[in-house]
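Tertiary structure, described
What follows is the residue order along each chain.
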Amino acid sequence: ELKKMKSCVTDGAGAMIGRHNGMAAIIKRDVPDLINIHCVCHRLALACADASKELSYIKKVEGLLLQVWKFYEYSPKKTAKFAIVQGQLLNLLPKEQLSEAKKHMKKAKKAVASRWLSFDVSVGAMIQEFIAHLQTFEFFKEEDATACGLLTQTRCHKFIHAIYILKEVLAPLAVLSKTLQQGELSFADLPPAVSYCLAKLDDVLKRKDVILATLSDDLAENGKFGLAGIQITEASTTVLGGLLTTYVAKLRENISARFPSLPLVQAFSIFDLQRLPAKEATDFKTYGVNHVATLADHFGVTEYVDVEALKSEWEHFKFVAQDLKTECPMTTTPQLGNTPTEWLLTKLCGISSFRAMFPNLMKLATVAQTLPMTNAWPERGASALKRIKTRLRNSLKDDMLESLLQIAINGPSVSQAKDVVEQAVGLWLQDKQRRKLPKITASTSATTRENCEVVQGTELIDFLTEEVEVLNDEIQDLEDKLFTQEQVFKKLLVNMCTPTDDSSDCEDDYEDDY
């Protein structure tokens, strides 16, 4: 039933979160206490995109990064030349650094707003291989207009400075994005994570002079990018310092606007065992009272819970939760993919005696267990689909595609898949009698090849023999037909040459015919 739906998470499309005719608004007409959450990962991506749109040169740099990726993606010749240039630059390094540098060679990365963290990766690849890109563009500039344009726009102080700005700014944003994408994100973790990101952006502003000094050293003649030949001027440094200040201010403004306080969602943090104070603490008595009141106001409108009974159950449950806290393994040893909140919710919904003691709290626990903070998981499913069903494998059937997606999304890692693969092969062999081919070794390969040639020669002789027999049968049929036609023709000639005895008989015969 639709009325059992208590929460949903969507992206920011108007069809989903529209105030009047969005999906959530339509469902709320039948389910007034529905909790609709705009995915926190999408919010962060939109905040970053909005900040870039307000600064034209940052938007231009993002377009240039995408153009650089396309320059190599659609041309094996250019990709091969880029790899050669990388190798030549590595040979300039000391021998003790050569092997380590080869491990970290990077190609151009695709940067688009619809892919989270893609700009951070693209900027990092551009900074590491900046000189190699310039030399590749220089090589193709006479025959390729795109290479000439990219060389002109990337070999300038403004571009490399903007890349350094993005490197410093995107690092804390990438940390925040990864935090928000975690499946075990708890209800109380969101505000601290956003606050930490904003604090790191403030640190970037404080280090503005250090960033500009680092860039000047790298562009010096003996610096990291000395081969680029880019000249630094005081005026350009001042202008780009202002760009950094403006960009960080826009990011702070958009992130703060996209992440307002969510008191209803944060109220579910009452189920976080790590936040529960000790019984002897002074704030134990008042702990969670305001959050429970927030939940009671929301779900009490539809009488999903009994407000007064819920408050009474919470006062009792705090003592039970304090005893359960000693049993929870995650409070002392963190475990990947599980949190103390999830452990407590499972206990509350799984023990039958709790259903009679805390019926209203158990209803809230079921809502909390199904309350999503992000739709990163379905986005990963879409990414897995794109990786598996490529343009070269677009004829995959639905059943095979579903199996491959199950393995890619829910299957174990490659290092842990050996036992599973061996079990699958065993089941496959037991399913029916399989014909096993002999193993080909180096000693038997020549003999096997000769045997194959003999078999192929024998098959060819048999085929040609059958063809000759068919042709002989066809020739015999033609001779028989020719002989028959020859006999008919002789009879006609005999009849035509035989004289008649009486012409009147012929006339009579002619008249009789008519």
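Residues numbered from 1 in each chain as written. Predicted model: local features only at pLDDT ≥ 70, side-chain atom pairs only at ≥ 80, totals over all residues. Heavy atoms only, no water.

F130, V169 and I255 are the most contacted members of the largest nonpolar core, which totals 110 residues. Counting residues per element, this core draws most heavily on helix α10 (residues 157-181), at 12 residues. Leave out the neighbours within four places in its chain, and V169 touches L201, V204, L244, Y247, V248 and L251. Residues A384, I388, L401 and L405 belong to the second largest nonpolar core, which totals five residues. (Core = buried A, V, L, I, M, F, W, Y, C linked by side-chain atoms within 4.5 Å. Buried < 20%, exposed > 50% of the residue type's maximum accessible area, 1.4 Å probe, protein only. Helix = DSSP H or I, 4+ residues; strand = E, 2+ residues; numbered from the N terminus. Contact = heavy atoms within 4.5 Å.)

Moving on, we come to the packing of aromatic side chains. Under the counting rule described, the total for this entry stands at 16 aromatic pairs. Ring centres of F284 and F319 lie 5.2 Å apart, and the angle between their planes is 80 degrees; this geometry places the pair in the edge-to-face category. Taken together, the residues F284 in the loop between α14 (263-266) and α15 (289-300) and F319 in helix α16 (residues 307-325) connect sequence positions 35 residues apart. Look at F284 and you get buried, because its relative accessible area is 5%. On the basis of relative accessible area, F319 is assigned to the partly exposed category, the value being 42%. An aromatic cluster of at least three residues, connected via ring pairs, comprises F71, Y72, F82, F137, F139 and F140. Over the face of the ring belonging to F139 we find K81, whose NZ or CZ atom lies 4.0 Å from the ring centre. Just above the ring of Y164 sits the side chain of K167; from NZ or CZ to the centre is 5.8 Å. (Phe/Tyr/Trp six-rings, centres within 6.5 Å; stacked < 30°, edge-to-face > 60°. Lys NZ or Arg CZ within 6 Å of the ring centre and 35° of its normal.)

Bringing the pattern of salt bridges into the picture now. For the structure shown, the criterion picks out 12 salt bridges. A salt bridge links D202 to R252, with the shortest nitrogen-to-oxygen separation between them at 3.2 Å. Remark: R252 occurs in helix α13 (residues 234-258) and D202 occurs in helix α11 (residues 190-206); sequence separation between them is 50 residues. A residue is classified by how much of its surface remains accessible, and D202, at 28% relative accessible area, is partly exposed. Here R252 falls in the partly exposed class, since its relative accessible area comes to 28%. Close ionic contact of D272 with R275 constitutes a salt bridge, the shortest N to O distance being 3.6 Å. Look at R275 and you get partly exposed, because its relative accessible area is 42%. A single salt-bridge network, built from bridges that share partners, covers E138, K141 and R155. (Salt bridge = Lys/Arg side-chain N within 4 Å of Asp/Glu carboxyl O.)

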